[in-house]
Amino acid sequence: MDVKTKSKKTYLNQPSEKITGCEALVRCLIAEGVDIIYGYPGGAIMPVYDELYKYQEEILHVLTRHEQGATHAAQGYARISGRVGVAMATSGPGATNLVTGIADAQIDSTPMVCITGQVPSHLLGSDAFQETDIVGISTPVTKWNHQITRAEEIPEVIAKAFYIARSGRPGPVLIDITKDAQFDTFDFTYKQCEGVRSYKPVPKFDTNALTEAAKAINNAKNPMIVWGQGVILGEAEEEFKNFVEKSGVPAAWTIMGVSAIPTAHPLNVGMVGMHGNYAPNKLTNECDVLIAIGMRFDDRVTGKLSDYATQAKVIHFEIDPAEIDKNVKADIAVLGDVKETLAEILPMIEKKSYDNWHQKFKDLLKIEFNKVIKDDLHPTKEGLTMGEVLKEINTQSGGEAAIVSDVGQHQMIACRYAEFTQSRGNITSGGLGTMGFALPAAIGAKMATPEREVVAVIGDGGYQMTIQELGTIFQTKAAVKIVVLNNDFLGMVRQWQQLFFDKRYASTEMTNPDFVTIAKGYHIQAKRVTKREELADAVAEMMASKQAYFLEVCVEKEDNVFPMIPSGASVSDIRLE
Amino acid sequence: MDNTTKQYTISVYTENNIGLLNRISAIFQRRHINIESMNISVSEIEGVSRFTILVNMTEKNVRKIIGQIEKQIEVIKAFYHTDEDTIYLESCMFKIKSDLLFEERQIQNIIKESDARIVTVNREFFVLEKSGRRHEIEMLHRELSVFGIMQFVRSGRIAVTKDEMKITEMLAAFNN
């Protein structure tokens, strides 16, 4: 796992040297600071793999067990570290298998560069073996993509790819390279990209908008903040914390934004959205000023748009102009990088506290606690709850662990109850809702930050979508902790069937294999917990392990996640049962 | 902003790159918006392409579309205009049997009155070209169809705006 990475300066701004396209590509990646590539070899990308073999002292290639796993691992790597994740695949099916991860990275603004091999340029368009139009296929789900057909294009295009992936609102870029361009030789030299004339990553902020926003915030009686991943992507955690603390405004988060400030922060009032907390959802429709920071008003956050915060003056801090007024009309749009705009607005903000307003959040939290949280975290019934497993992980990790969740009930429970002391702690598939995300993403996260504890919390359904990545864990020895919350159901779909389809459980019950045996087959330590009294010791054993560890917790089969805003309902209509 | 649909002309200045057409048309496709016509050509700036796209939609949505078009890396700038904001026209061509030109006196009058132009004449057919507003072209089409049209084709709308679109300055700002 350790790569003795030479300084990236080695290949930056050096005199030109005649080398092949594939060697040039590897040098470009090293020059961009890439230390790990997740990928899968095949015919059209073989020349590059041959170079990776030569350069293995400088750059590590991790063989995932499926190309989708490579993209999710690259995403996990990027999400926890803020660096660009890199995935690689061959043409045809190799390339198409990347698409889910690319779409996930696009909707969750994850910086990622995908490199695919392509059939030789003279065969393009001829339905050659393993030819697929991956540039055409990936166009709607990439921030940018490009096909290279000549070796000499490689340095400039790769430089541009990394620049675009990481700048502004980050996103995935796909570069497709024909096999002949990999083989051809040319005079290689590498310079990083410093700008693209048609692309403005960060819009200039408007001082008037800032002044107006500050005035609205200072005059507010019951303001509320909803922050999203933009705070984390903009590395604006400190600026955000200062803003929250000085303004005294209750701050709620989207699942992509959590961990930007510690969950224990007194001004944190919890999660908004479909399975978010009762208070921030309810009070969205009572606040007089809604301060949205680095979030995009996803429908899972807003519920019925025509009944979302209509009483409030909306201030939207946002880097992407296309997000302004897309879903919710902003009364004041503060365009720009939140790291800058939040720092700029801070001196204009009056120090305040809103004791009565905060009390409302506390009162509603008490209701939620009695109706939902108490039974989730301190159950008295026999069956184990997902919530108590999360609580145990919190207790034993002290909130230090990064929690990588998949999609479904366990994800909502993980996002609701996980405690974080550090930013970039919650890694989950937010926008796309990609089952199968967590296991490979956890591998990428662990490899990017080996010093950090990484716990993947996965449902029994999603786990089996990328279960083959246990092979990657075995081979790389990535010390990922895996917790499968097994209810033998596709739990979230089952919950909807129970609530909205008269309990017709169509294809949601799962007959599962022996997960412990499977993990052991990959030589991963494994344990199953079925009783409450075994839980604490099992989690302790998992946390103490220096290696990968698999823990299956058999939880109550038909538990539901509440609160819940039914699809299409208003945030005010949030249900506690 | 009301929810009535209106005809808008969208002008998009872009880099001249393969694949951009796909990227731009996908934005309309996602929202199920029918593109009435699209024209891509060089622009007044060397190396910069210009898309002229005609759509029927609400102003609220056309604004969102503009945001999503501009977000594409190789798009320099996108604008939307009402018909009143632009000078616009379309072109069309008719292929008609040559005999008719000599046998049907009426055709010669139609050509003269419609400001159409004869591009070529040979033994079998002649080709008529007309540029103008949609209704003028449609009227000419109606009048000629009585006699029989061998082929007809009409181009997408092209339009220039009455107000300035500051592209050159934007590009200059990048270079500095």
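Because the structure is predicted, anything quoted here is derived from the model rather than measured.

### Regarding the overall build of chain A
Here's step 1: Secondary structure summary: chain A contains 23 helices and 20 strands in total.
Here's step 2: Buried positions account for 56% of the 577 residues belonging to chain A.
Here's step 3: A separation threshold of at least 6 residues defines the contact pool for chain A, and within that pool the share at least 24 residues apart is 77%.

### Some details on the overall build of chain B
Here's step 1: The secondary structure content of chain B amounts to 6 helices and 9 strands.
Here's step 2: Structurally, chain B occupies a C-alpha span of about 65 × 40 × 30 Å along its principal axes.
Here's step 3: Sorting the 176 residues of chain B into buried and exposed places 25% on the buried side.
Here's step 4: Long-range contacts, defined here as pairs at least 24 residues apart, represent 76% of the contacts in chain B between residues at least 6 apart.

### Re the interface of chain A and chain B
Here's step 1: Taken together, the contacts link 16 residues of chain A with 16 residues of chain B.
Here's step 2: Here the residues of the side of chain A that touches chain B are counted per class, giving 8 nonpolar, 4 polar and 4 charged.

### Quick look at the environment of His81(B)
Residues and elements named next belong to chain B.
Here's step 1: With respect to the helices and strands, the residue His81 is situated in strand 4 (residues 75-81).
Here's step 2: Owing to 21 C-beta atoms within 10 Å, His81 belongs among the buried residues under this scheme.
Here's step 3: For the pair formed by His81 and Glu59, sequence separation is 22 residues and the distance between their alpha carbons is 9.9 Å.
Here's step 4: Here His81 is in contact with Tyr8, Thr9, Ser11, Thr86 and Thr161, once residues within four sequence places are set aside.

### A short note on the confidence of the model for chain B
Residues and elements named next belong to chain B.
Here's step 1: Residues with a pLDDT of 70 or more make up 98% of chain B, whose mean pLDDT is 94.
Here's step 2: Within chain B, strand 8 (residues 151-154) carries the highest mean pLDDT (98), whereas helix 6 (residues 168-175) carries the lowest (77).
Here's step 3: Two numbers describe this predicted complex: its pTM, 0.96, and its ipTM, 0.92.

### Remarks on the domain arrangement of chain A
Residues and elements named next belong to chain A.
Here's step 1: Segmenting chain A into domains produces domain 1 (8-188), domain 2 (207-361) and domain 3 (382-554).
Here's step 2: Summarising the inter-unit geometry, the C-alpha centres of domain 2 and domain 3 are found 30 Å apart.
Here's step 3: Taken together, the 13 residues of domain 2 in the interface contact 15 residues of domain 3.
Here's step 4: Counted by class, the side of domain 2 that touches domain 3 contains 8 nonpolar, 3 polar and 2 charged residues.

### A short note on helix 7 (residues 154-166) of chain A
Residue and element names in this part refer to chain A.
Here's step 1: Given a rise of 1.5 Å per residue, 13 residues ought to cover 18 Å, and the 18 Å separating the end C-alpha atoms of helix 7 matches this to within 8%.
Here's step 2: Within helix 7, 10 of the 13 residues are buried, which leaves the element mostly enclosed by the surrounding structure.
Here's step 3: When we look at burial in helix 7, the residues that qualify are Ile154, Pro155, Ile158, Lys160, Ala161, Phe162, Tyr163, Ile164, Ala165 and Arg166.
Here's step 4: Just past helix 7, the residue Gly168 takes up positive phi, approximately 55 degrees.

### Regarding the packing of helix 9 (residues 207-219) of chain A against helix 14 (residues 338-345) of chain A
All names here are of chain A.
Here's step 1: It is the contact of helix 9 with helix 14, at a shortest axis distance of 10 Å, that shows an interaxial angle of 60 degrees. The angle between helix 9 and helix 14 falls in the class oblique. You can see that helix 9 and helix 14 cross each other, and the crossing is right-handed. Where helix 9 approaches helix 14, its residues Leu210, Ala213 and Ala214 are matched on the opposing element by Thr341, Glu344 and Ile345.
Here's step 2: Partitioning the contact of helix 9 with helix 14 into residue classes produces 4 nonpolar, 1 polar and 1 charged.

### Points about unusual backbone geometry
All names here are of chain A.
Here's step 1: Of note, the bond from Phe562 into Pro563 is cis; its omega dihedral lies within 30 degrees of zero at 0 degrees.
Here's step 2: Position of Pro563 relative to the elements: it lies in the segment after strand 20 (549-554).
Here's step 3: Unlike most non-glycine residues, Asn13 shows phi in positive territory, near 55 degrees.
Here's step 4: A positive phi angle is found at Ser109, which is not glycine, with a value near 50 degrees.
Here's step 5: Position of Ser109 relative to the elements: it lies in the loop between helix 5 (99-107) and strand 5 (112-118).
Here's step 6: Classification of Ser109 as buried rests on a count of 25 C-beta atoms within 10 Å.

### Considerations on the sheet that holds strand 2 (residues 35-42) of chain B
Residue and element names in this part refer to chain B.
Here's step 1: A sheet is described by the order of its strands in space; here 4 strands give the open sequence 2-3-1-4, paired in antiparallel fashion. With one partner strand each, in any of the chains shown, strand 2 and strand 4 form the two edges of the open sheet. Shown here is a sheet whose adjacent strand axes are inclined to one another by a mean of 15 degrees, direction ignored.
Here's step 2: For strand 2 and strand 3 (residues 48-58), the ladder comprises 7 bridges, and the chain directions are antiparallel. Paired with Met38 across the strands is Ile53, a residue of strand 3.

### Describing the environment of Leu576(A)
Here's step 1: Mapped onto the elements of the fold, Leu576(A) is located in the segment after strand 20.
Here's step 2: For the pair Leu576(A) and Pro140(A), spaced 436 residues apart in the sequence, the C-alpha separation amounts to 38 Å.

### What about the pairing of strand 19 (residues 525-529) of chain A?
Residue and element names in this part refer to chain A.
Here's step 1: Pairing geometry for strand 19 and strand 20, over 5 bridges, is parallel. For Val529, the partnering residue across the bridge sits in strand 20 and is Val553.
Here's step 2: Running through helix 23 (residues 532-544), the crossover from strand 19 to the neighbouring parallel element strand 20 is right-handed.

### Describing the packing of helix 1 (residues 21-31) of chain A against helix 2 (residues 46-54) of chain A
Residue and element names in this part refer to chain A.
Here's step 1: Where helix 1 meets helix 2, the closest approach of the two axes is 8 Å, and the angle between their N-to-C directions is 55 degrees. The angle between helix 1 and helix 2 places the two elements in the oblique class. Considering the relative orientation of helix 1 and helix 2, their crossing is right-handed. Residues Cys22, Glu23, Leu25 and Val26 of helix 1 touch helix 2, and the partners they reach there are Pro47, Val48, Asp50, Glu51 and Leu52.

### A closer look at the nonpolar core
Here's step 1: One finds Val113(A) and Ala456(A) to be the most contacted residues of the largest nonpolar core, which totals 188 residues.
Here's step 2: Every residue in contact with Ala456(A), bar those within four places of it in the chain, is listed here: Val404(A), Ala438(A), Leu439(A), Ala442(A), Val480(A), Lys481(A), Ile482(A) and Val483(A).
Here's step 3: Ranked by size, the runner-up nonpolar core spans 18 residues in total, among them Ile10(B), Val12(B), Tyr13(B) and Ile69(B).

### A look at the pairing of strand 17 (residues 454-459) of chain A
All names here are of chain A.
Here's step 1: Of all 6 residues in strand 17, 6 are buried; the element is thus mostly enclosed.
Here's step 2: Neither face of strand 17 is exposed, since Val454, Ala456 and Ile458 on one face and Val455, Val457 and Gly459 on the opposite face are all buried.
Here's step 3: Here strand 15 (residues 402-405) pairs with strand 17 via 4 bridges, running parallel. Pairing of Ala402 across the sheet is with Val454, part of strand 17.
Here's step 4: With 5 bridges connecting them, strand 17 and strand 18 (residues 481-486) associate as parallel partners. Counterpart to Val455 in the pairing with strand 18 is Lys481.

### So, the sheet that holds strand 12 (residues 289-293) of chain A
Residue and element names in this part refer to chain A.
Here's step 1: Ordered in space as 11-10-9-12-13-14, the 6 strands form an open sheet in which the pairing is parallel. Among the strands making up the open sheet, the edge pair consists of strand 11 (268-271) and strand 14 (332-335). Geometrically, the sheet is characterised by an average inter-axis angle of 20 degrees between neighbouring strands, direction not taken into account.
Here's step 2: Packing against the sheet, helix 9 makes contact with strand 9 (223-227), strand 12, strand 13 (313-318) and strand 14, and its axis sits at approximately 130 degrees to strand 14.

### Overview of the environment of Gln108(B)
Residues and elements named next belong to chain B.
Here's step 1: When you line up the elements, Gln108 lands in helix 4 (residues 105-114).
Here's step 2: We classify Gln108 as partly exposed; it has 13 C-beta atoms within 10 Å.
Here's step 3: Sequence separation between Gln108 and Lys97 is 11 residues, and the spatial gap between their C-alpha atoms is 13 Å.

Definitions and cut-offs
Residues numbered from 1 in each chain as written. Chains lettered and ligands numbered in written order. Predicted model: local features only at pLDDT ≥ 70, side-chain atom pairs only at ≥ 80, totals over all residues. Helix = DSSP H or I, 4+ residues; strand = E, 2+ residues; numbered from the N terminus. Buried ≥ 20, exposed ≤ 12 C-beta atoms within 10 Å, placed from the backbone. Contact = placed C-beta atoms within 7 Å. Nonpolar A, V, L, I, M, F, W, Y, C, P; charged D, E, K, R; others polar. pLDDT = per-residue confidence, 0-100. Domains from an automatic or database assignment. Expected span 1.5 Å × (residues − 1). Axes fitted to C-alpha atoms, helices over the stretch in contact; angles between N-to-C directions. Parallel < 35°, antiparallel > 145°, perpendicular 65-115°, else oblique. Left-handed = near helix turned anticlockwise from the far one by under 90°. Pairing = 2+ DSSP bridges. Right-handed = clockwise from strand over helix to strand, strands pointing away. Core = buried A, V, L, I, M, F, W, Y, C linked by C-beta atoms within 7 Å.

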